[in-house]
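Chain and residue survey
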Amino acid sequence: MLVADNLLKIKQTLPPDVTLVAVSKFKPAEMILEAYEAGQRDFGENYVQELVDKSEQLPKDIRWHFIGHLQSNKVKYIAPFVHLIQGVDSYKLLLEINKQAQKNNRVINCLLQLHIAVEETKFGLSLDECREIFKSGALNELKHVNVCGLMAMASNTADEAHVRGEYQVLNLFRLDLMADGYPLNTASYGMSGDYHLAIACGSNMVRIGSSIFGERH
Ligand SMILES: *Cc1c(COP(=O)(O)O)cnc(C)c1O
């Protein structure tokens, strides 16, 4: 019951236009099912094998989000069913997603991941690299990917002003691109520790793990 309680408490605090992705990495299928039975349909996973295994065990109407760092050679395993690939950090990866989506006769929704945090270890495109992907027109060639927004992680710090600053820069960048005609409607920023800040800065999709399922070991 704990999972369902946590989930419903969080949902009550979210504005209606914000999508909650329950991040279930390392958590067993039974816990996911508990959230599912409480009405949750969007789940996020970071590892391809774990995602494939869970998708086979769990109800077919779950919308699976891949939120980890995706290697090109593994796209084929998730291409048949993934709902949204959130961590796309290169044009090369988009090319492979396009190829695998075509093989599966579908269009795969993707978010480009931006590197806005101070930590070097986090993945993602710089703002310049991201802008270049749009302005170059290269996306027009990819008929089987739909780049519908941006994803990012802020720095891991208790300094709220710093985190807010990162999210604001990111969201202004997104709004600029939208003003230029790119339909980047999905703004996936915010995790357990900072989702209120992220929503205040324009996020409409939050990825929450530990506040729903408990700490990971
Ligand atoms: C694990 C993870 C989350 C969830 O983090 P919590 O702090 O447990 O809410 C969100 N986004 C990404 C990309 C993650 O890897």
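Placed above this text is the structure.
Residues numbered from 1 in each chain as written. Predicted model: local features only at pLDDT ≥ 70, side-chain atom pairs only at ≥ 80, totals over all residues. Heavy atoms only, no water.

So, the pairing of strand β2 (residues 42–45)
For a regular strand, the rule is simple: side chains alternate between the two faces of the sheet. For the record, the criterion: With a 1.4 Å probe rolled over the protein chains alone, any residue whose accessible area is under 20% of its type maximum counts as buried; one over 50% counts as exposed, and the rest are partly exposed. A run of H or I in DSSP becomes a helix once it reaches four residues, and a run of E becomes a strand once it reaches two; helices and strands are each numbered from the N terminus. Any two strands between which DSSP finds at least two bridges are classified as paired. For the handedness criterion, the strands are oriented away from the viewer, and a crossover whose path from the first strand over the helix to the second runs clockwise is classed as right-handed.
Of the two faces of β2, both are covered, the one formed by Asp-42 and Gly-44 as well as the one formed by Phe-43 and Glu-45. In the sheet, strand β1 (residues 19–23) pairs with β2 via 2 bridges, with the strands oriented parallel. Opposite Val-23, over in β2, you have Gly-44 as the bridge partner. Where the polypeptide runs from β1 across helix α2 (residues 29–37) and back to β2, its parallel neighbour, the crossover connection is right-handed. Alignment of β2 against strand β3 (residues 63–66), held across 4 bridges, turns out to be parallel. When the bridges of β3 are listed, Glu-45 appears paired with Phe-66. A crossover connection joins β2 to the parallel β3 through helix α3 (residues 48–57); in handedness this β-α-β unit is right-handed.

Considerations on the pattern of salt bridges
Formally: Take a side-chain nitrogen of Lys or Arg and a carboxyl oxygen of Asp or Glu: if they are within 4 Å of each other, that pair is a salt bridge.
For the coordinates displayed, the defined rule picks out 6 salt bridges. Among the ionic pairs, Glu-50 bridges to Lys-54, the shortest N-O distance being 2.7 Å. One end of the pair, Glu-50, and the other, Lys-54, are both in helix α3, 4 residues apart, so they sit about a helical turn from each other. Pair check on accessibility: Glu-50 and Lys-54 agree, each one buried. Between Asp-180 and Lys-135 there is a salt bridge; the shortest N-O distance is 2.8 Å. Of this pair, Asp-180 sits in the loop between α7 (160–179) and β7 (186–189) while Lys-135 is found in helix α6 (residues 127–135), placing the two residues 45 residues apart along the sequence. One network of salt bridges, with partners in common, ties together Glu-45, Glu-50 and Lys-54.

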